[in-house]
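# Chain and residue survey
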Amino acid sequence: AYHGCESGRNRMIEMLVTSAEAEAAVWMADDMGELNNSIRQGEGNVYGFLGELLFIDLTGAYHNNTYDWDVELPDGSTVDVKTKCVTSEPKAHYDCSVAAIGTQQNCDYYAFVRVHKDMTVGWYLGAMTKQEFLTSARFLQAGVPDGDNGWSPTIDCYNVTISDLGYTDGVFPA
């Protein structure tokens, strides 16, 4: 079940997580194990996979997990789905991040999803072409507090606000 929430340039879509999606995400995360340079020592993998599964359910994309992207849209466009585990509903002024090392990935789009820590609900926040993201994102250095919100990233990253994201045709940028 989906529920839209207006937010600036985009409208977030709230998605209820099914038990089958949650179980599949746990299985996928266990199967993968810990990635090199994992910020959370592999603990975030289950949320990442759940974000991908929610995005697939919403868009009709299919899972084609490579180093460069997570899913492919029916038109062949590639998407790296960036998921964050959260404890509250996202707000339009919250940030979406891509690790600096992740900008080397060869994908067409970045899509952003948040998944509640209890794995009962997620939010599709929107997407942006990789090129638009790199042009508009602000760089944050590891350990240096962000002047906008005081958050200090643990690794170098690039951020945009949720309200900067957009999509048309109901879900994805044209």
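See the structure above.
Residues numbered from 1 in each chain as written. Predicted model: local features only at pLDDT ≥ 70, side-chain atom pairs only at ≥ 80, totals over all residues. Heavy atoms only, no water.

## Some thoughts on the layout of surface pockets
Note the threshold: A pocket, in this scheme, is an open set of points on a 1 Å grid over the protein atoms alone with protein on both sides within 12 Å along at least 5 of 7 lines, while a cavity is a set where a 1.4 Å probe fits but cannot get out; residues line either one if an atom lies within 4 Å of a point. Grid points are joined across faces, edges and corners, and a volume is the space filled by probe spheres set on the points. Labels follow the DSSP assignment, with helices taken as runs of H or I lasting at least four residues and strands as runs of E lasting at least two, numbered in each case from the N terminus. When residues are grouped by polarity, Ala, Val, Leu, Ile, Met, Phe, Trp, Tyr, Cys and Pro land in nonpolar, Asp, Glu, Lys and Arg in charged, and all others, Gly among them, in polar.
Put simply, the second largest pocket is a space of about 240 Å³. Looking at the lining of the second largest pocket, the elements that each hand over two or more residues are β6 (95-99) and β10 (157-161). When the residues that make up the lining of the second largest pocket are grouped by side-chain class, the tally is two nonpolar, five polar and five charged.

## What about the packing of aromatic side chains?
How we decide: Classification of ring pairs rests on two measures: the distance between centres of Phe, Tyr or Trp rings, Trp counted by its six-membered ring, which must be within 6.5 Å, and the angle between planes, read as stacked under 30 degrees, edge-to-face over 60 and tilted in between. Definition used: whenever NZ (Lys) or CZ (Arg) falls within 6 Å of the ring centre and also within 35 degrees of the ring normal, the charge is taken to sit over that ring.
Taken as a whole and judged by the stated rule, the model has four aromatic pairs. Between F55 and Y124, the ring centres sit 5.8 Å apart and the planes meet at 50°, which makes this aromatic pair tilted. Of this pair, F55 sits in helix α2 (residues 45-59) while Y124 sits in strand β8 (residues 121-129), placing them 69 residues apart in sequence. Linked through ring pairs, Y110, F112 and F133 together constitute an aromatic cluster. Here the basic side chain of K84 rests over the ring of W151, its NZ or CZ set 5.7 Å away from the ring centre.

## Some thoughts on the pattern of salt bridges
Spelled out, the test is: We count a salt bridge whenever a side-chain nitrogen from Lys or Arg sits within 4 Å of a carboxyl oxygen from Asp or Glu. Think of it in three bands: with a 1.4 Å probe and only protein chains considered, a residue is buried below 20% of the maximum accessible area for its type, exposed above 50%, and partly exposed in between.
A full pass over the atoms with the stated rule returns three salt bridges. For the salt bridge of D80 with K82, the shortest nitrogen-to-oxygen distance reads 2.6 Å. Taken individually, D80 and K82 each receive the classification buried, so the pair is uniform in this respect. One salt bridge in this structure joins R138 and D146, with 2.8 Å as the shortest N-O distance. A relative accessible area of 23% places R138 in the partly exposed class. The structure contains a network of salt bridges with shared partners spanning D95, R138 and D146.

## Comments concerning the sheet that holds β6
Convention followed: Only strands joined by at least two bridges in the DSSP assignment are considered to pair. The convention used is that axes are lines fitted to C-alpha atoms, helices contributing only their stretch in contact, and that angles between N-to-C directions extend from 0 to 180 degrees.
Reading across the sheet, the three strands line up as β6-β10-β9 and stay open at both edges, with antiparallel pairing between neighbours. The sheet is open, and its two edges are formed by β6 and β9 (138-140), each paired on a single side. Strand-to-strand twist of the sheet, defined as the mean angle between neighbouring strand axes without regard to direction, takes the value 35°. The pairing of β9 with β10 spans three bridges and is antiparallel. From the neighbouring strand, F139 faces β10, where its bridge partner is Y158.

## Things to note about the nonpolar core
Worth spelling out the cut-off: For this analysis, a nonpolar core means a set of buried residues of the types Ala, Val, Leu, Ile, Met, Phe, Trp, Tyr and Cys, connected via side-chain atoms within 4.5 Å.
Judged by nonpolar contacts, the single largest core of 28 residues is most densely connected at L50, F55, V71, V79 and Y124. Breaking this core down by element, the ones donating at least two residues are β2 (10-16), α1 (19-32), α2, β5 (78-86), β7 (109-116) and β8. A per-element tally of this core places α2 first, with nine residues. Counting 17 residues, the second-largest nonpolar core is a separate cluster that includes V121, M128, V160 and L165.

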